[in-house]
Amino acid sequence: MSPASSHALKHPPVTAPSEPAGALSDIPADFPELAVAIDRQRRRGRGAQSNASGRFEAEARVAFDDGWQSLEELPPFKTIVAVDTSRKVITRNDSPDIGFDRSINPYRGCEHGCVYCFARPTHAYLGLSPGLDFESKLFAKPEAPALLEKELAASGYEPRMIAIGTNTDPYQPIERERKIMRGILEVLERTSHPVGIVTKSALVTRDIDILARMAKRNLAKVAISVTSLDPKLARTMEPRASTPPKRLEALKQLSDAGIPTTVMVAPVIPALNDSEIERILDAAAHAGVKEASYVLLRLPLEVRDLFREWLMANYPDRYRHVFTLIRDMRGGRDYDAKWGERMKGTGPMAWTIGRRFEIACDRLGINKRRAKLTTDHFARPKRNGDQLSLF
């Protein structure tokens with residue numbers, strides 16, 4: 001069997017039902033993925049519905065009832081953390097539509113379990129599923145602070161803002177005990193290196209002491225993603241992330257401490273949370289936020305099928321409408337990764353979302369000025385064996 005045909009078996013083509021879908025039992029032929037959904041009790045508190053094999057695996061494995069009730073004996077998915085032994089911690093990119101060229105991810109995988117997370121497909125590189133494995137089989141980088149200091153000490157290193165949280169969340173629940181992110185911030189403060197943080201967690205307020213000192217020298221800013229103010233939708237879509245009120249309170253605490261803050265309305269999902277754009281911006285402005293951004297829902301690789309499963313399981317009446325609008329904004333496809341368009345989409349609906357966002361920001365006085373970080377204070381750390389300067 002060719003690799004292409006094997007991939008097709010694991011990831012069936014998307015075909016929208018001809019009529020609005022009702023209960024899941026009404027449409028098994030149109031949605032073969034739903035037949036491999038993991039039992040609800042086993043995945044309680046998780047975002048994905050299934051745990052299909054990654055796209056690089058030679059075989060696709062699924063759980064099925066053999067008639068002996070063996071599925072009932074399987075344990076629930078528990079969070080397992082392994083050590084990532086990478087020898088470097090700064091990753092580089094040359095993407096023309098993001099504002100940084102380097103980033104750090106203290107963790108691989110993310111326990112927040114956001115079903116729409118565009119980072120899910122990266123777990124396939126580890127031989128794991130972008131589904132439930134992504135949010136339960138995690139990898140931590142305990143040596144990240146030491147590796148970072150070593151890389152910053154390299155003679156050829158040129159400082160530019162390091163982004164943290166652009167792939168997986170640095171303040172996900174395991175950070176509470178591991179404190180890898182705090183160790184990274186201690187290195188960045190000691191070397192006066194600028195950092196921009198993106199998170200969905202109120203745990204970021206734990207590090208206000210470091211961030212406030214760095215912010216006074218234009219070395220730090222924080223963006224918090226607020227996807228919805230609806231607690232039910234937020235809990236279903238982002239099961240282990242901080243609640244919307246806690247995220248808004250975190251924005252207020254950060255702003256009050258003098259740390260430049262940004263609210264990210266991300267992702268915007270048509271017919272699901274796009275009606276909340278103005279409300280989210282208004283709530284963030286009252287919390288002291290001066291900057292905002294938004295990103296349209298992205299469905300690369302396995303994320304498409306995982307999102308379809310989740311949508312059919314939780315909002316089956318909206319399936320056709322959501323995907324019709326998504327395709328209207330993606331040139332008729334479920335996703336278009338074209339530079340310059342992947343974040344905002346194209347077409348009348350995408351234009352309308354952009355205009356609504358801009359008008360709301362203008363009304364609230366958001367994005368009038370942008371916080372700019374500086375590299376002027378950078379102090380290269382000394383390497384072992386380096387001679388002290390005489391001058």
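The structure displayed is predicted, hence computed values, not measured ones.

Definitions and cut-offs
- Each chain carries its own residue numbering, running from 1 in the direction its sequence is written.
- In view of the model being predicted, local features appear only for residues whose pLDDT reaches at least 70, and side-chain atom pairs are presented and counted only at 80 or more, with totals across whole chains, interfaces and linings using the full set of residues.
- Side-chain descriptors were evaluated using all non-hydrogen atoms of the structure, hydrogens and water having been removed beforehand.
- Under the DSSP-based scheme used, a helix requires at least four consecutive residues in state H or I and a strand at least two consecutive residues in state E, with every element numbered from the N terminus.
- The buried label applies to any residue whose accessible area, calculated with a 1.4 Å probe on protein chains only, is under 20% of its type's maximum; exposed applies above 50%, and partly exposed to all values in between.
- It only takes one pair of heavy atoms within 4.5 Å for two residues to be counted as in contact.
- Note on areas: Shrake-Rupley, 1.4 Å probe, and residue coverage restricted to the protein chains presented here.
- Axis definition: a line fitted to C-alpha atoms, limited for helices to the stretch in contact. Angles are taken between N-to-C directions and run from 0 to 180 degrees.
- Just so you know how the angles are binned, under 35 degrees is roughly parallel, over 145 roughly antiparallel, 65 to 115 roughly perpendicular, and the rest oblique.
- A crossing counts as left-handed when the near helix is turned anticlockwise from the far one by less than a right angle, and as right-handed when that turn is clockwise.
- What we call a nonpolar core is a set of buried Ala, Val, Leu, Ile, Met, Phe, Trp, Tyr and Cys residues that are connected through their side-chain atoms within 4.5 Å.
- Surface patches are defined over residues having more than 30% relative accessible area and no salt bridge, joining like charges when they lie within 9 Å and nonpolar side chains (Val, Leu, Ile, Met, Phe, Trp, Tyr) when within 5 Å.
- We define a salt bridge as a side-chain nitrogen of Lys or Arg found within 4 Å of a carboxyl oxygen belonging to Asp or Glu.
- Charge counting treats Lys and Arg as positive and Asp and Glu as negative, with His and both chain ends excluded.
- Here the site of a charge means atom NZ of a Lys, CZ of an Arg, CG of an Asp or CD of a Glu.
- We call two strands paired when DSSP finds no fewer than two bridges between them.
- Orienting the strands away from the viewer, one traces the path from the first strand over the helix to the second; a clockwise path indicates a right-handed crossover.

### Considerations on the overall build of the chain
The secondary structure content of the chain amounts to 12 helices and 10 strands. Going through the 391 residues of the chain one by one, you find that 51% of them count as buried. Relative to all contacts within the chain whose residues are 6 or more apart in sequence, the contacts with residues 24 or more apart total 80%. For the chain, the computed accessible surface area is about 19,100 Å², with 53% contributed by carbon and sulfur atoms.

### A look at the packing of helix H3 (residues 144-152) against helix H5 (residues 180-190)
The interhelical angle for the contact between H3 and H5, taken along N-to-C directions, is 25°, at an axis separation of 8 Å. As judged from the angle between their axes, H3 and H5 are roughly parallel. The interaxial crossing formed by H3 with H5 has right-handed handedness. For the pair formed by H3 and H5, the contact residues are Ala-144, Pro-145, Leu-148, Glu-149 and Leu-152 on the first element and Ile-180, Gly-183, Ile-184, Val-187, Leu-188 and Arg-190 on the second.

### With respect to the nonpolar core
By size, the foremost hydrophobic cluster in this structure holds 62 residues, and its most contacted members are Leu-148, Leu-185, Leu-188, Leu-211, Val-263 and Leu-281. Apart from residues no more than four positions distant in its own chain, Leu-281 is found in contact with Val-263, Val-265, Ala-292, Phe-357, Ala-360, Cys-361, Leu-364 and Ile-366. Core analysis: the next-biggest nonpolar cluster, separate from the first, contains 24 residues, Cys-110, Cys-114, Tyr-315 and Val-322 among them.

### Here we look at the environment of Leu-152
Checked against the element boundaries, Leu-152 lands in helix H3. Ignoring anything within four residues of it in the chain, the contact list for Leu-152 reads Ile-90, Tyr-157, Val-187, Leu-188, Thr-191, His-193, Phe-378, Arg-380 and Pro-381.

### Topic: a positive patch on the surface
On the surface, Arg-87, Lys-88, Arg-92 and Lys-150 cluster together into a patch of positive charge. The topology assignment puts Lys-88 in the loop between strand E1 (80-83) and strand E2 (90-92). The class of Lys-88 is exposed, set by a relative accessible area of 64%.

### Some points on a nonpolar patch on the surface
The grouping of Phe-56, Tyr-125 and Leu-126 at the surface amounts to a nonpolar patch, some 330 Å² of accessible area in total. Relative to the assigned elements, Tyr-125 resides in the loop between strand E4 (107-108) and helix H2 (132-136).

### Points about the pairing of strand E7 (residues 195-199)
Counting buried residues in E7 gives 4 out of 5 residues, a clear majority hidden from the surface. Alignment of strand E6 (residues 162-164) against E7, held across 3 bridges, turns out to be parallel. Within E7, the residue paired with Ile-164 across the bridge is Ile-197. For E7 and strand E8 (residues 220-225), the ladder comprises 5 bridges, and the chain directions are parallel. Looking across to E8, one finds that Val-195 is bridged to Ala-220. Handedness of the E7-helix H6 (residues 208-215)-E8 crossover: right-handed.

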